[in-house]
Amino acid sequence: MSKPTFKPYRRPSGGWGSALSVGNILRREGVLASVPVALTRHNKVDGYRCNSCAWIKPASPLPFEFCENGVKAVAWELTAHRCTPAFFAEHTVTELLGWDEFQLEHTGRLTHPLRYDADSDKYVPVSWGHALDEIAGELRAVEDHLKGTVFYSSGRLSNEGSYLYQLFARLYGNNNLPDSSNMCHETTSVALPISIGQDIGTISLDDFAKSDCILFFGQNPGSNSPRMLHPLQEASRRGVPIITYNPLRERGLERFTNPQSTAEMLLGQETRISSQYHQVKAGGDLAALAGICKAVLAAHDASREAGGPAILDEAFIAEHTHGFDTFAAWLRVQEWDELERRSGLHRADLEATATVYAGAHAVVAVYGMGLTQHQAGVETVQMLVNLLLMRGNMGRSGAGICPVRGHSNVQGQRTVGITEKPELFPLDRLGEQFGFEPPREAGYNTVEACEAILKDEVRAFVMLGGNFVRAIPDHGQMEPAWRRLRLTVNVITKLNRSALLPGTVSYILPVLGRLEIDETEAGPQVLSMEDTSACVHGNRGLRKPASPHLISENRLICELALRTLAPNPRVRWTDYMRDYAEIRKEIAYTLPESFWDYERRMWEPGGFQRDLPAKRREWRTETGRATIVTPKALDEDADMPAVGHDVLRLMTLRSNDQFNTTVYGYDDRFRGINNTRKVVLMNRSDIDRLRLKVGQAVTLKTVADDGIDRRLPGLLVVAYDIPIGCIGGYYPECNVLMPIWHYAIGSKTPAAKMIPVTIHSEDARVLEPQLEHAGG
Ligand SMILES: Nc1nc2c(c(=O)[nH]1)N[C@H]1C(S)=C(S)[C@@H](COP(=O)(O)OP(=O)(O)OC[C@H]3O[C@@H](n4cnc5c(=O)[nH]c(N)nc54)[C@H](O)[C@@H]3O)O[C@H]1N2
Ligand SMILES: Nc1nc2c(c(=O)[nH]1)N[C@H]1C(S)=C(S)[C@@H](COP(=O)(O)OP(=O)(O)OC[C@H]3O[C@@H](n4cnc5c(=O)[nH]c(N)nc54)[C@H](O)[C@@H]3O)O[C@H]1N2
Ligand SMILES: [Mo]
């Protein structure tokens, strides 16, 4: 591989850099001819839904409704490469454990069901019948169905597959349905129901067009939801202020050139995105938001005293909210010194935001993992909602809260029943519908599943999509525990590390992707999924399957259920796998208020939006009003030792060349990092203070008092524009440093954006020559 380089990226997001990056991956995956054809059906009515992020799919799509990272995700799935039994005959599992994420997935699409053979330490091909029979036998043999088996899923699974999967788990006897959402927007699912009475956001695409101020907290659209840059570009051109709070200066939030506009590309035109950019400390958002709220309140008080107009929406607060007085009293006693210290920002910065906010009529607040993956994540999200509620920015056109969901169907998956929390799904109705008594005991979420596995209480783990063992914290503890499981089933499309940690009985079961034609005895089938704005869309695959031996996720679940569960005439597995409209009928029966006329409406342009009560100011909370939540404390993180200058806050980040644990390449163009992911981004003054050198190799060690040694060697120091005391590294490489018990209070979302670490130089390994470096 070429030598690592670090060079500040001076160009806008999008633009020619994006076009070049796309060209590279199409060539590398051998799909230069086929993917561009597929892309004409990308996010189109009667086409397929992008398998990258969950950003809104508009009713009137652009001629090319895709982005750089959408193309990468499509190319990755439609790749010409194949990972066949011949490959597994050549490589032992032990050998493959030495490969990184890029190398593993780059081998191509999996083609055959495989069973782990301990004698040869290799995966060998088996028939589907044998695989399903043995897995079903193992699942039945688990003594304690309530505790002994876990059914994980990752947020790409369709609504149909998700519904079948939860039904299978509940008929089997538990709610152990952790999903990728547990590591992601679970914080949202806990915070928003208390605040506004629904577990999802309130925004439609249309609101971006009508908003006159957009707040951005801890979300990186340039890499993670690039199609969002189009409405942001439009907003910026209308003169709408866009205010960003992010420790890093992210290129996509600064400047953008639309790669789909010939004029912009040729003329090198670019649009500024953020009008204010505040480099808050990692975890400092709770204090920053409290400061903004305090400044808004102070401005209101001052205006009132001077006989001026109200700045708070007093009528809205009186009629629609609960808890304002307590909150206002709390804000008044907060000390600016403390808010400045915790946020790492000046009072004037926070007041500047408050001034713009107070002058706007319709404000959208966007957030992502920068808020949710913190110990105080739940209260921080609620504080952002408080700010909106102070001026009635909820349930009004152009205003509202916009959590940007991650995986392309992570939201739909939750809607149709993938949840460990029994209260979130109408289990009575499900029981009546299928004539059984669903389990009522809360199931395991991701963290709890890991804890149970560490205690050897779990026998069987079914992974329907995703790369669980790589996505979770504490690799050093979890990987050995994984090998002690009795059964591990990896339902995947590409080889990943989770599959390389086999238990006693282990399978790789390769499935169709949603871009592929899914033909059953009843003809070609379609699927559906929900985007981040709660719009449900149809999906039709268009490519020939990667291998004739693949089956659909739906069929896999049905076949397994038929072999595992006692027969129940009300559950028509054979019909479901034949005709997916039969699954949609069941979904519509369980959730009639959302899914009436499902079969027709999912093909409407823009899909159909599920009912969002908060959008019309109906608050399904305990009090029937929106709750203004006063935080218990301003502590950003109780696990973080307050003393000791040497303790740094590690944020684990995504590069522009990855989708979660899927790594497309070793470049992070926007951050100017090339040919490596083994870096630690540091402020220049921390580098000097800790007597390190740019380009030098270092080891990170977690600061924790549980007696476990967590360390990651071999990272190169990069000088970067990042707040003092905060450092950045890549996920999933850095997950080895995250203690499993370090998570958001209330949601148990791993606190991946603030890991307390110390840094140690590996003197012997200083790299020569000194590397060029960025910013600082
Ligand atoms: N191309 C691509 N697209 C993706 C993904 C991908 O990996 N690649 N992943 C998908 C998934 S599952 C998800 S959940 C989303 C994730 O998308 P995002 O929510 O954007 O997640 P991250 O990139 O992890 O981090 C977001 C931002 O938070 C900032 N940040 C870190 N700590 C803090 C903090 O304490 N405060 C503030 N204000 N900001 C902070 C980081 O600098 C970063 O810019 O994207 C989805 N889309
Ligand atoms: N440190 C740290 N850890 C994190 C995060 C972080 O920011 N920092 N982010 C967290 C977040 S937000 C998330 S969502 C999780 C992600 O966790 P997961 O969703 O479990 O992980 P992915 O990397 O998205 O899964 C990739 C694998 O999915 C399989 N796959 C791809 N497409 C399909 C398909 O169509 N069907 C099936 N069956 N399989 C398919 C491929 O085999 C591929 O190897 O990670 C979390 N972990
Ligand atoms: Mo996510």
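Thresholds applied
Residues numbered from 1 in each chain as written. Chains lettered and ligands numbered in written order. Predicted model: local features only at pLDDT ≥ 70, side-chain atom pairs only at ≥ 80, totals over all residues. Heavy atoms only, no water. Buried < 20%, exposed > 50% of the residue type's maximum accessible area, 1.4 Å probe, protein only. Helix = DSSP H or I, 4+ residues; strand = E, 2+ residues; numbered from the N terminus. Pairing = 2+ DSSP bridges. Contact = heavy atoms within 4.5 Å. Near = heavy atom within 4 Å. Polar contact = N/O pair within 3.5 Å; in protein donor to acceptor, adjacent residues only side chain to side chain. Areas by Shrake-Rupley, 256 points an atom, 1.4 Å probe, with all protein chains shown as cover. Nonpolar A, V, L, I, M, F, W, Y, C, P; charged D, E, K, R; others polar. Domains from an automatic or database assignment. Buried area = accessible area lost by both parts, 1.4 Å probe. Salt bridge = Lys/Arg side-chain N within 4 Å of Asp/Glu carboxyl O. Axes fitted to C-alpha atoms, helices over the stretch in contact; angles between N-to-C directions. Parallel < 35°, antiparallel > 145°, perpendicular 65-115°, else oblique. Left-handed = near helix turned anticlockwise from the far one by under 90°. Disulfide = S-S within 2.5 Å. Core = buried A, V, L, I, M, F, W, Y, C linked by side-chain atoms within 4.5 Å. Phe/Tyr/Trp six-rings, centres within 6.5 Å; stacked < 30°, edge-to-face > 60°. Patch = residues over 30% accessible without salt bridge, like charges linked within 9 Å, V, L, I, M, F, W, Y side chains within 5 Å.

A. Examining the pairing of strand S14 (residues 363–367) more closely. S14 sits mainly inside the fold: 5 of its 5 residues count as buried. Of the pairings in the sheet, the one linking strand S8 (residues 213–217) to S14 comprises 5 bridges and is parallel in character. Its bridge partner being in S14, Phe216 is matched across the sheet by Val366. Relative to strand S15 (residues 400–403), S14 is paired through 4 bridges, and the arrangement is parallel. Among the inter-strand pairings, Val364 is bridged to a residue of S15, identified as Gly400.

B. Representation of the environment of Gln233 in the model. Relative to the elements of secondary structure, Gln233 occurs in helix H13 (residues 229–237). Taking the relative accessible area as the measure of exposure, Gln233 reaches 4% and is therefore buried. Once the C-alpha coordinates of Gln233 and Ser158 are considered, the two residues, 75 residues apart in sequence, prove to be 31 Å apart. When near neighbours in sequence (up to four residues on either side) are disregarded, Gln233 contacts Phe256, Asn258, Glu264, Thr271 and Ile273.

C. Here's a closer look at the site of ligand 1. Inspection of the region around ligand 1 gives 30 residues, with Glu250, Gly283, Asp285, Gln658 and Asn660 positioned closest. Between ligand 1 and the protein, one listed contact pairs an oxygen atom with a side-chain N or O atom of Asn246 at 2.7 Å. Look at ligand 1: alone it shows 910 Å² of surface, and the protein chains cover 99% of it. The class makeup of the residues in the shell around ligand 1 is 11 nonpolar, 15 polar and 4 charged. The residue makeup of the shell around ligand 1 includes at least three contributed by each of domain 3 (186–404) and domain 4 (648–761).

D. Seen up close, the site of ligand 2. Taken together, 33 residues form the shell around ligand 2, and within it Glu105, Tyr152, Glu553, Thr661 and Asn735 come nearest. Here Lys494 contributes a backbone N or O atom positioned 2.8 Å from an oxygen atom of ligand 2. Here Asn496 contributes a side-chain N or O atom positioned 2.8 Å from an oxygen atom of ligand 2. Taken by itself ligand 2 offers 930 Å² of open surface, and the protein chains cover 96% of this. Where the shell around ligand 2 is concerned, the elements lending two or more residues are helix H25 (468–471) and strand S17 (487–492). Residue composition of the shell around ligand 2, by class: 13 nonpolar, 14 polar and 6 charged. Both domains that furnish three or more residues to the shell around ligand 2 are identified here as domain 2 (90–181 + 409–513 + 544–571) and domain 4 (648–761).

E. Spatial organisation of the environment of Gly252. Mapped onto the elements, Gly252 comes out in the loop between strand S9 (242–245) and strand S10 (255–257). Gly252 sits 240 residues away from Pro12 along the chain, and the two C-alpha atoms are 7.3 Å apart. Leave out the neighbours within four places in its chain, and Gly252 touches Ser13, Gly222, Leu229 and Ile273.

F. The domain arrangement of the protein chain, seen in detail. What the domain assignment lists for the protein chain is domain 1 (5–77), domain 2 (90–181 + 409–513 + 544–571), domain 3 (186–404) and domain 4 (648–761). A separation of 29 Å is found between the C-alpha centroids of domain 1 and domain 2. Domain 1 puts 5 residues into the contact, and the matching count from domain 2 is 7 residues. For the pair domain 1 and domain 2, the summed buried surface comes to about 680 Å²; carbon and sulfur atoms form 47% of the total. Where domain 1 packs against domain 2, one counts 0 salt bridges. Where domain 1 touches domain 2, the interface holds 5 residue pairs in polar contact (both at pLDDT 80 or more).

G. Expanded view of the sheet that holds S8. What the 5 strands build is an open sheet, ordered S12-S9-S8-S14-S15; its pairing is parallel. At either margin of the open sheet sits one strand with a lone partner, and together these are strand S12 (276–278) and S15. Taken pair by pair, the neighbouring strands of this sheet meet at an average axis angle of 15°, ignoring direction. The pairing of S9 with S12 spans 3 bridges and is parallel. Bridge pairing in S12 places Tyr245 opposite His278.

H. Here's a closer look at the packing of helix H9 (residues 159–172) against helix H27 (residues 553–564). Where H9 contacts H27, the axes come no closer than 9 Å and their chain directions differ by 15°. On the basis of their axis angle, the class for H9 and H27 is roughly parallel. Between H9 and H27 lies a crossing whose hand is left-handed. Of the residues in H27, those in contact with Glu160, Gly161, Leu164, Tyr165, Phe168 and Tyr172 of H9 are Asn554, Ile557, Cys558, Leu560, Ala561 and Thr564. Residue composition of the contact of H9 with H27, by class: 8 nonpolar, 3 polar and 1 charged.

I. Expanded view of the state of the cysteines. Scanning the entire structure with this criterion turns up 0 disulfides. The cysteine Cys53 is free of any disulfide, with Cys67 supplying the nearest cysteine sulfur at 6.3 Å. Take Cys726: it sits in no disulfide, and the sulfur closest to it among the cysteines is that of Cys734, at 14 Å.

J. Region of interest: the nonpolar core. Leu139, Phe168, Leu509 and Trp573 are the most contacted members of the largest nonpolar core, which has 59 residues in total. The contacts of Leu509, once residues within four sequence positions are left out, are Pro113, Trp128, Ala131, Ile135, Val489, Asn490, Val491, Ile492 and Leu556. Judged by nonpolar contacts, the second largest core, of 58 residues, contains Ile243, Ile311, Ile317 and Leu371.

K. Looking closely at the pattern of salt bridges. Taken as a whole and assessed by the stated rule, the structure comprises 55 salt bridges. In this structure, the salt-bridge partner of Arg540 is Asp46, at a minimum N-O distance of 2.7 Å. You can see Arg540 sitting in the loop between strand S22 (535–539) and H27 and its partner Asp46 sitting in the loop between helix H2 (34–39) and helix H3 (68–78), a full 494 residues away along the chain. Given a relative accessible area of 33%, Arg540 falls into the partly exposed group. On the basis of relative accessible area, Asp46 is assigned to the partly exposed category, the value being 35%.

L. Structural view of the sheet that holds strand S6 (residues 122–125). One open sheet accounts for 6 strands, arranged S6-S5-S18-S17-S16-S7; its pairing is mixed. Edge positions in the open sheet fall to S6 and strand S7 (149–153), since each of these has one partner strand only. For this sheet, the mean angle separating the axes of adjacent strands, direction not counted, is 20°.

M. Representation of the packing of aromatic side chains within the structure. If you walk through the whole model with that rule in mind, you get 23 aromatic pairs. With 6.2 Å between their ring centres and 80° between their planes, Phe316 and Trp619 make a pair best called edge-to-face. Taken together, the positions of Phe316 in helix H16 (residues 314–320) and Trp619 in the loop between strand S23 (608–609) and strand S24 (626–627) put the pair 303 residues apart, joining distant regions of the chain. Note on Phe316: relative accessible area 2%, which makes it buried.

N. Fine view of a nonpolar patch on the surface. Together, Trp16, Leu266 and Leu267 make up an exposed nonpolar region whose accessible area comes to about 390 Å². Within the element layout of this structure, Leu266 appears in helix H14 (residues 262–267). The class for Leu266 is exposed, based on a relative accessible area of 65%.

O. Region of the structure containing unusual backbone geometry. A cis amide bond links Tyr731 with the next residue in sequence, Pro732, at an omega value of 5°. For Asp46, which is not a glycine, the phi torsion comes out positive at approximately 70°. Even without being glycine, Asp456 reaches a positive phi, approximately 60°. Locating Asp456 in the fold gives a position in the loop between helix H24 (446–454) and strand S16 (460–464).

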